[in-house]
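Per-entry structural report
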Amino acid sequence: MKKFYFFIVLVLISLSDSYSQRLYINEFMADNISVIPDPHYLAYSDWIEIYNSENYTINLKNYSITDDLSNPQKYVFTSDVYAPAGRYLIIWTDDMNNGIHTNFKLSASGESIGLYSPTGQLIDTLSFGQQGENISQGRYPNGGIDWFKFLPSSPGLANNNNNFYNKLSEPVFSLQGGFYQTPFTLSISHADSAAQIYYTIDGTTPTTNSILYQSPIQIDSTTTVTARAFKSGYNLSNTIVSTYFIDFNTDLPVFSIVTDPANFFSDTTGIYVVGTRGITGNCATGPRNWNQEWERPVNLEFFEKDKTLAFNVKAGVKIYGGCSRIYDMKSLALYFRDQYGEGRLNYRLFPESQVLSYNNFVLRSGGQDWWRTMLRQGLMVNLSAKNMKIANLHYKPSLVFINGRYWGIHDLIEKINPEFLNSHYGVNPDSIDLISISKNVAPTYGDGVAYNSMIAFLTNNDISNSANYNYIKSIVDIDDYIDYQILQLYGANGDWPGSNMKLWRERSPNGKWRWLLYDVDFVFGGNDRGWYNVNSLAAALATDGPDWPNPPWSTLMLRKLLTNTEFKNEFVQRFAAHMNTTFDSTFVLNVIDSLKNNIANEIPRHKSRWVKSITLGPDWETNIEVMRYFARVRRTYMRSFINTQFNINGSYSLNISRNNPDWGKVYTHNIEVEKNNSLNIFFMNIPVKVKAFAMPGYRFVRWEGISQSTSPDITIITNNNNTLKAVFEPITLTVTKPVINEINYNTSSDFDCGEWIELYNPSQTKLDISGWKLSDGNIDSAFVFPDSSFITANGYLVVCKDSSRFNSLHLNVKNVYGNLNYGLNNVSDIVMLFDNSGTLIDSVKYLNVTDWPIISKGGPSIALLNPQYDNTQGLNWKASYPYGTPSRMNDVYSKNEDKEISQLEFHLYDNYPNPFNPSTTIRYSIPNDGNVSLVIYDALGREVMKLFEGEKSKGEYSVDFDASNLGTGVYFYRLVTNDFVQTKKMMLLK
């Protein structure tokens, strides 16, 4: 590699461990004519960029920097100067002698720079020669040993190899990497005819000692080609890499990793081998290279299932996992950093996810299940996605090739880190605590202060006491915790709870601990501790378990919580609800078979590559049958374990049905009972929480069977088999014409689908809207619906600013129209819907202030809480996270209606019936004792009747309003309490 002439002093032996590999002189400019002015004096001064490679901020107070190595303390930072974690600090060499402004200037003719610790230790230094105007010199990659000249420069940003001064462009391949049925010849060209192209086919980076391209290359078998352009006096081009698969067919998507073989297989530098520079750990009997946290550069191509090229990027790779590192085939973690290219992978890896950008992901070997089925992680991911509250870790089986060699089946999964939590929960990735439990407890991010405090509270307090349990509920997401425990217990994880557990919290006053699914290879008969008949509940509650897998400290939290009756009842019956739904044997068997079919055709080839894989057990099919048998019988055993553990007398069956499944849903312990007329088994004499949820346009009327309550939320306690039917009915609609139901006016830069507007048809008939107009107030630019435009009964329709952008991000959304001739303002705008005769059907003027949802950062839509609510009132809208619900029921509707059972809030419900004659019922709820006023007003705002005024205890109330003495018209009812005011309208028809 040709470099510009200058001398770099490499400080190797003299650096102490305290400063080595922490701070770097990363870039400098000694002739800044017009690139960047300093922020204090606004002068175009020379500068030095310091790069902090650590994950914590470093204060440079008492450090020194110099342009004269004989005077190390020429300029000492006497005040606080912070080098941010993983970022860059600019020092201005301008003679100003103040803060980040030194008492010397750099010479464009050449000199030296040195950075010293407070104790006078040399941290980093270099000497440079003649410099050019506005041209910087810097390391590439950041903090690396190679130096280049940059134009343009990048002060305060990562150095980019695309900015190398006088740099050649990349060569061009005549054919894109991909899948070809027959051999072919590959040509390589370059825009500069004087440039020479060298290439390799073994993954090494081309040099002038590689193969000089002179004639087309014959590609007869799967081959990787790496090429680079060279020319005297110029910086080398970037390498270009492509993989060509010849007569290779597979049902799976494919990753191709190309790298210098030494990065993987060298005894001294290879990450995939025993090697000679290893360390002990991860179940290895001696030092192993693969235990090092070494990261190596690679070229990464990804071909989707249909074999289209999704991306071809530079990345870094590490060995991933724990004890599975000792297996022949290992898991790989891919990293996208500034030093390799863009710093992120901008691609939607999982179509079902709305995450479009990644800083890393994992290609997992199957972990411990590499020996058996390679399906267990995928099975648990799929089960958790059905009804569990815990985060859904996306999964996709794929193939991997390394330097053109087949490397077998790897599971593409998301990596659990702050970025994952940000994309799934929207939390600040710099403000979390993430705890990993793997035979001990260690904070992976943040610290363990809050975790240790929680454990201390559980240890030292009686959790059967309601006050103490309420405190735990304030710091723990109880539903999330219970779901996590249930999933592990039902699956009989044989390597848990003393290992393979992760939990996290946001560092905020309302932050709660939540749990993450991690490394579940020993479930469903994955080892002798995970068989279908293993009492995992007893193991998870043991007070004298061994150091592995269930030492007493690992069972403490569940043991303590189960001393509380409220928690125990919820745990027991929520477990029952999951066994009725999530763990329904037919559903689980279907998931297993689906996962099996995904990789079945690839298993013989994978086995041929890795002869030790899938060797525990007679064969792959038999190993899968272990999982299938587990799915068939596990619930019976689990119910027996629960009965024994909690001294329950047994179970009973509750047949749950709805008079019309399209009109509403039923939930038990907030878990949907999807099947109508389904048999649900619960434990005797323990409360079962049931909720009815009406779909838009319908109302819940009553229960039939074991309960005749008219409340949608009920609790059942019995020991006898029984039935329960939820009865729903259509409501008389206040709004019968299409309504503006959702508006996305401030899109996110991370999910830029453009503005869109959703219409909802509340009627029971399909509506022809051909020729209708959607306007922002300017009728001349209105969107006109084309012929044969319809909204189905109770259906949705979306009109978007840019249909191609919208459809590329909101996959599988139906009934989408575009393109709008206007955009929507991020502060305030109006949306108007006219029919084909010009009559105004609906109009919404939204504001990004006051009572309306505040959408400041972009991304969420605003969505109507209920399509029957007055959509001109901001209080009736909420933000829909993360990116709205186009062409389906608003999530804010379900969240508005589907409250946690027994949780009271300030709420004024829609009166029923409405319209009415002559009487109607008004319901409201208050969570605290206080003064209450419920008053009726006419359309002119005059008080008509005071239904109630006085003190009320917390609870839910209903009041009958008799309007026999009033005339036809619109009336309003207003609820006022100490902390809450809400008004709704109703129609009296006589």
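Below you will find a few notes about this structure. (Residues numbered from 1 in each chain as written. Predicted model: local features only at pLDDT ≥ 70, side-chain atom pairs only at ≥ 80, totals over all residues. Heavy atoms only, no water.)

As for the overall build of the protein chain
Defined as follows: To qualify as a helix, a DSSP run of H or I must reach at least 4 residues; to qualify as a strand, a run of E must reach at least 2; elements of each kind are numbered from the N terminus. Only protein chains enter the accessibility calculation, which uses a 1.4 Å probe. A residue is then buried if its area is under 20% of the maximum for its type, exposed if over 50%, and partly exposed in between. Between two residues, a contact is recorded if the distance between any of their heavy atoms is within 4.5 Å. To measure how exposed things are, a 1.4 Å probe is used in the Shrake-Rupley method; for residues, cover is taken only from the protein chains shown. Here the positive residues are Lys and Arg and the negative ones are Asp and Glu; neither His nor the chain ends is included. The atom standing in for a charge is NZ when the residue is Lys, CZ when it is Arg, CG when it is Asp and CD when it is Glu.
Per the secondary structure count, the protein chain includes 14 helices and 58 strands. On the principal axes, the C-alpha backbone points of the protein chain span a range of 100 × 70 × 65 Å. By residue count, 55% of the 990 residues in the protein chain fall in the buried class. Contacts spanning at least 24 positions in sequence make up 64% of the contacts within the protein chain whose residues lie at least 6 apart. Carbon and sulfur atoms form 47% of the exposed surface of the protein chain, whose accessible area is close to 40800 Å². Here the protein chain contributes 83 positively and 96 negatively charged side chains, and the mean placements of these two sets differ by 5 Å.

What to know about helix α12 (residues 620-645)
Basically, it comes down to this: By definition here, a helix of n residues has an expected span of 1.5 Å times n minus one. The quantity called bend is, for any residue, the angle between two axes fitted respectively to the seven residues ending at it and the seven beginning at it. Under the rule applied, a polar contact is a pair of N or O atoms within 3.5 Å (in protein, one hydrogen donor and one hydrogen acceptor; residues adjacent in sequence only if both atoms are side-chain atoms).
Under the 1.5 Å per step criterion, the end-to-end length of α12 is 35 Å for 26 residues, consistent within 8% with the ideal 38 Å. The largest bend along α12 measures about 50° and falls at Val 633. For α12, the side-chain oxygen to backbone nitrogen distance between the N-cap and Glu 621 is 3.2 Å, and the N-cap itself is Asp 619.

Things to note about the side chain of Asn 741
In this structure, Asn 741 sits in strand β40 (residues 739-744). Separated by 2.8 Å, the side chains of Asn 741 and Glu 758 make a polar contact.

Side note on the state of the cysteines
Filter applied, for reference: Throughout, a disulfide means two cysteine sulfur atoms within 2.5 Å of one another.
Counting across every chain of the model gives one disulfide. Residue Cys 283 pairs covalently with Cys 323 via a disulfide, S to S 1.7 Å. Between Cys 283 and Cys 323, the S-S dihedral sits near 40°, and the bridge is therefore right-handed. Pair noted here: Cys 283 is in the loop between α1 (261-265) and β22 (296-303) and Cys 323 is in the loop between β23 (309-320) and β24 (331-335), with a separation of 40 residues, a long-range link. There is no disulfide at Cys 753, and the cysteine sulfur nearest it, in Cys 800, is 8.5 Å away.

Structural notes on the nonpolar core
Our working rule: In these notes, a set of buried Ala, Val, Leu, Ile, Met, Phe, Trp, Tyr and Cys residues joined through side-chain atoms within 4.5 Å is what counts as a nonpolar core.
Within the largest apolar cluster, 151 residues are counted, with the highest numbers of intra-cluster contacts made by Leu 334, Phe 361, Val 476, Phe 524, Phe 567 and Phe 571. Not counting residues within four places of it along the chain, the set of residues in contact with Val 476 comprises Met 454, Tyr 481, Lys 512, Trp 513, Trp 515 and Met 557. Counting residues in each nonpolar core, the second largest holds 31 residues, with Val 739, Tyr 745, Ile 791 and Ile 855 among its members.

Considerations on the pattern of salt bridges
Inclusion rule: Within this document, salt bridges are pairs made up of a side-chain nitrogen of Lys or Arg and a carboxyl oxygen of Asp or Glu, the two lying within 4 Å of each other.
Inspection of the entire model under this criterion finds 35 salt bridges. Across the salt bridge formed by Arg 505 and Asp 433, the nearest N and O atoms sit 2.9 Å from each other. Here Arg 505, found in strand β30 (residues 501-506), pairs with Asp 433, found in strand β28 (residues 432-437); they are 72 residues apart in sequence, far enough to count as distant. Accessibility assignment for this pair places Arg 505 and Asp 433 in one class, buried.

Quick notes on the environment of Trp 294
Structurally, Trp 294 can be placed in the loop between α1 and β22. The class for Trp 294 is buried, based on a relative accessible area of 15%. For the pair Trp 294 and Ala 631, spaced 337 residues apart in the sequence, the C-alpha separation amounts to 40 Å. Trp 294 has contacts with Thr 268, Thr 269, Gly 270, Ile 271, Arg 277, Asn 289, Val 317 and Lys 318, leaving out every residue within four places of it along the chain.

Here we look at the packing of helix α6 (residues 478-491) against α12
Defined as follows: The convention used is that axes are lines fitted to C-alpha atoms, helices contributing only their stretch in contact, and that angles between N-to-C directions extend from 0 to 180 degrees. Orientation labels follow simple angle bins: below 35 degrees gives roughly parallel, above 145 gives roughly antiparallel, 65 to 115 gives roughly perpendicular, and whatever is left gives oblique. Only Asp, Glu, Lys and Arg are considered charged in this grouping, and only Ala, Val, Leu, Ile, Met, Phe, Trp, Tyr, Cys and Pro are considered nonpolar; every other residue, Gly among them, is considered polar.
Relative orientation of the contacting elements α6 and α12 amounts to 110°, with a least axis distance of 10 Å. Here α6 is positioned roughly perpendicular relative to α12, judged by the angle of their axes. For the pair formed by α6 and α12, the contact residues are Leu 489, Tyr 490 and Gly 491 on the first element and Phe 630, Ala 631, Arg 634, Arg 635 and Met 638 on the second. Of the residues that constitute the contact of α6 with α12, the class distribution is five nonpolar, one polar and two charged.

Some details on the pairing of strand β29 (residues 441-445)
Quick note on the threshold: The rule for pairing is simple: two strands pair if DSSP sees at least two bridges between them.
In this sheet, β29 lies alongside β28 in antiparallel orientation, the contact comprising four bridges. Bridge pairing in β29 places Ile 435 opposite Pro 443. The turn linking β28 back onto β29 is made up of three residues, and Lys 439 within it adopts a positive phi angle of 70°.

Looking at the sheet that holds strand β47 (residues 816-817)
One open sheet holds the six strands; their spatial order is β47-β46-β41-β40-β50-β51, and the pairing between them is mixed. Looking at the sheet topology across the chains shown, the edges are occupied by β47 and β51 (877-880). Two elements, strand β46 (residues 796-800) and β47, share two bridges in a ladder whose sense is parallel. Note that in β47 the partner of Val 798 across the bridge is Val 816.

As for the packing of aromatic side chains
As a reminder of what qualifies: Within 6.5 Å between ring centres, the rings of Phe, Tyr and Trp (the latter by its six-membered ring) count as paired, and their orientation is classed by plane angle as stacked under 30 degrees, edge-to-face over 60, tilted in between. Whether a charge sits over a ring comes down to the Lys NZ or Arg CZ being within 6 Å of the ring centre and within 35 degrees of the ring normal.
Under the criterion given, the structure shown has 68 aromatic pairs. When the centroid spacing of 5.4 Å and the interplanar angle of 85° are considered together, the rings of Tyr 75 and Phe 77 count as edge-to-face. Both residues of the pair, Tyr 75 and Phe 77, belong to the buried class. An aromatic cluster of at least three residues, connected via ring pairs, comprises Tyr 469, Tyr 481, Trp 515, Phe 567, Phe 571, Phe 575 and Phe 646. The cationic tip of Lys 952 hangs over the ring face of Phe 948; the distance from NZ or CZ to the ring centre is 4.5 Å. If you follow Arg 974 out to its NZ or CZ, it ends over the ring of Tyr 937, 5.5 Å from the centre.

Notes on the pairing of strand β11 (residues 147-150)
Across the two faces of β11 the burial is the same, with Trp 147 and Lys 149 and Phe 148 and Phe 150 all buried. Where strand β10 (residues 136-139) meets β11, four bridges bridge the pair, whose relative direction is antiparallel. Along β11, the bridge assignment pairs Gly 138 with Phe 148.

A closer look at the sheet that holds strand β48 (residues 828-834)
What holds strands together in a sheet is hydrogen bonding between their backbones, with the strands either parallel or antiparallel. Read across the open sheet, the four strands follow the order β44-β43-β48-β49; overall the sheet is antiparallel. On the outer flanks of this sheet lie β44 (783-784) and β49 (840-847), each paired with one strand and no other. Taken together, the seven bridges between β48 and β49 define a ladder with antiparallel strand orientation. If you follow Phe 834 over to β49, its bridge partner there is Leu 840.

Looking at the environment of Asp 202
Topologically, Asp 202 is positioned in the loop between β16 (196-200) and β17 (211-212). Residue classification places Asp 202 among the partly exposed residues on the basis of a relative accessible area of 38%. Sequence separation between Asp 202 and Thr 223 is 21 residues; the distance between their C-alpha atoms is 8.6 Å. Ignoring sequence-local partners within four residues, the contact set of Asp 202 consists of Thr 259, Pro 261 and Asn 403. Polar contacts involving the side chain of Asp 202 include one to the side chain of Thr 204, which spans 2.6 Å.

Notes on unusual backbone geometry
The step from Trp 496 to Pro 497 runs through a cis peptide bond, and the omega angle for that step is 10°. Along the chain, the position of Pro 497 falls in the loop between α6 and β30. Here Trp 548 and Pro 549 are connected by a cis peptide whose omega angle stands at 10°. Mapped onto the elements, Pro 549 comes out in the loop between α7 (536-540) and α8 (552-561). Despite not being glycine, Lys 307 shows a phi value in the positive range, around 75°. The residue Lys 307 is located in the loop between β22 and β23 in this model. Even without being a glycine, Ser 887 presents a positive backbone phi close to 65°. Secondary-structure assignment places Ser 887 in the loop between β51 and α14 (891-897).

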